[in-house]
Amino acid sequence: MLDGHVALAGRHPHDFTVQYPPRREYVMDHFRAPAGTPKVLEAVASARRLLLYVHVPFCEARCSYCNFAVDTHGTPERQARYVRALCTALGRLSGAVRRDVEVPGIDLGGGTPTLLGMPLLESLLEALKPWAAKSASPFPLSVETTPAVAAHEPDKLRLLAQGGVSRVSLGVQSTAGAVLEAVRRTAQVGQADRALAALRRAGFQRVNADLIFGLPGQGPADFAADVARVADAGVDSVTTYDCLYRGKGRALTRVTPSLPTPSEYARLYDAAYEVLTARGFHAPYGSLNFSRHAGETGTSPYFEGRLLDGLPYVGVGNYASTLCGGHWGFAPYKVDAWVEQVEGGAVLPLSDLYALPPQERVAKQVLLSLSFGRLDPARFQTAHGVSLQQACGPAVARALEEGWLVEAAGEYRVAPGRFDALPRLRSLFYPARAISWLQSNGPSLSPLTSGGRATVPAAAPR
Ligand code: SF4
């Protein structure tokens, strides 16, 4: 019954990433809900546990692998107006949620939040304090920064540490200058060591380094050198990302002559896994997150709540997403459009809204959970109110039969050495409707050729 899923993922592995749904057009075709926010807001207002994401879109330049909602025209006035709107929106939302709501995790991401000037950062941290006070997590507030900022702006790091930021995630991505230049991260070249040392000095409780694998020109030895360098710099955790070539808006996809195959991704991942576990980091095989600390996954409480526990989340800022009570919404994409709606009195402006049926929510969360190399039946039952067996029995059975999952410690884990099978493993959890849609609408990238490598169309659809 799942043969069609596996066959499609075998031909088009780059369409079966950790992110679900397969493409935005799929949810637009099937689950669009009338615009407006009352139902979402009702769900947010009644949630007992709620994760918070705050988006700061400003970046100096767009990296060529990035398809986030990024704004590279952030004049000081524009940034100030945006931050005022963020603080207003956070205050309004604070008044709308339950007084006893628990907020397990808050991520301040982007973009590059630390591009903001000190006074703006300070006011934003102030607006986040009432939210952090609702958390029982030891490290509730996590902020993303870049090597260039962390290496050269110690005052900003002090401000973050004193303003309640307990975890910082540094977007190292690569330690090789040529690789960074090839993906338009020129400002970050040669900054990682100094940045990591500065973060340690600033006294954050947890420092994480992000690294990408599958970038052009990067072999297993290069990626092993990247992870060894950040691990030896004393970080608490390392998050590895397989470079995604799927979807619109990634310039890299249009210029890369041949995409990494699943086996090539696996060789890169395996090299990192060996280096990190030999240095005392732990993770189930297949997990993209590694931690030095027992009992921790290494990711932020916000992401852990979203990915492993399927908790509802609310997003503040342009194009931030909210998923609560089965309603999945996106704030207006453009910075000005979002700001204008907040200035006009909106509590949670959303321009795209979808009503996701349970099967879609399950697929979304199972795929994210697999990015930790595991499916935990107990956490699944708590999140979805049905057992993993009831919701995904045939998919789990097929994955066990194929040797892509194994049973260990009361959960299902990615089988050691089978990172290459992840696209096919993920496809098993796609609802049949999503597979049919992909079959009739065409996956976004060309199939693997008989030589085993995918080719990028000269003009990939945008
Ligand atoms: S710094 Fe991060 S958010 Fe900004 S363009 Fe690069 S990858 Fe995207």
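Since we're looking at a predicted model, the values are computed, not measured.

Orientation of helix α5 (residues 118–132) relative to helix α7 (residues 154–162), taken along the N-to-C sense of each, is 10°, at an axis distance of 10 Å. As the angle between them shows, α5 and α7 are arranged roughly parallel. Residues Met118, Leu121 and Glu122 of α5 pack against Asp155, Lys156 and Leu159 of α7. Partitioning the contact of α5 with α7 into residue classes produces three nonpolar, no polar and three charged.

Moving on: the packing of helix α1 (residues 3–11) against helix α19 (residues 432–441). It is the contact of α1 with α19, at a shortest axis distance of 10 Å, that shows an interaxial angle of 45°. The angle between α1 and α19 places the two elements in the oblique class. Between α1 and α19 the crossing geometry is left-handed. Listed contacts from α19 to Gly4, His5 and Leu8 of α1 are Ile435, Leu438 and Gln439. When its residues are assigned to classes, the contact of α1 with α19 shows three nonpolar, three polar and no charged.

For the ligand, the full set of nearby residues is Cys59, Arg62, Cys63, Cys66, Phe68, Val70, Gly110, Gly111, Thr112, Thr146 and Gly171. Tallied by class, residues from the shell around the ligand come to five nonpolar, five polar and one charged.

Glancing now at the domain arrangement of the protein. Domain annotation of the protein identifies domain 1 (3–32 + 358–455) and domain 2 (38–306). The partner domain 2 presents 22 residues to the 23 residues of domain 1 that form the contact. Elements with a contribution of two residues or more to the side of domain 1 that touches domain 2: β15 (411–414) and β16 (454–455).

Quick look at the pairing of strand β11 (residues 327–330) now. Sheet analysis places strand β10 (residues 321–324) next to β11, joined by four bridges and oriented antiparallel. Bridging across to β11, Thr322 finds its partner in Gly329. The turn linking β10 back onto β11 is made up of two residues, and Gly325 within it adopts a positive phi angle of 60°. In this sheet, strand β12 (residues 352–355) lies alongside β11 in antiparallel orientation, the contact comprising four bridges. Note that in β12 the partner of His327 across the bridge is Ala355.

So, how was this worked out
Residues numbered from 1 in each chain as written. Predicted model: local features only at pLDDT ≥ 70, side-chain atom pairs only at ≥ 80, totals over all residues. Axes fitted to C-alpha atoms, helices over the stretch in contact; angles between N-to-C directions. Helix = DSSP H or I, 4+ residues; strand = E, 2+ residues; numbered from the N terminus. Parallel < 35°, antiparallel > 145°, perpendicular 65-115°, else oblique. Contact = placed C-beta atoms within 7 Å. Nonpolar A, V, L, I, M, F, W, Y, C, P; charged D, E, K, R; others polar. Left-handed = near helix turned anticlockwise from the far one by under 90°. Near = placed C-beta within 6 Å. Domains from an automatic or database assignment. Pairing = 2+ DSSP bridges.

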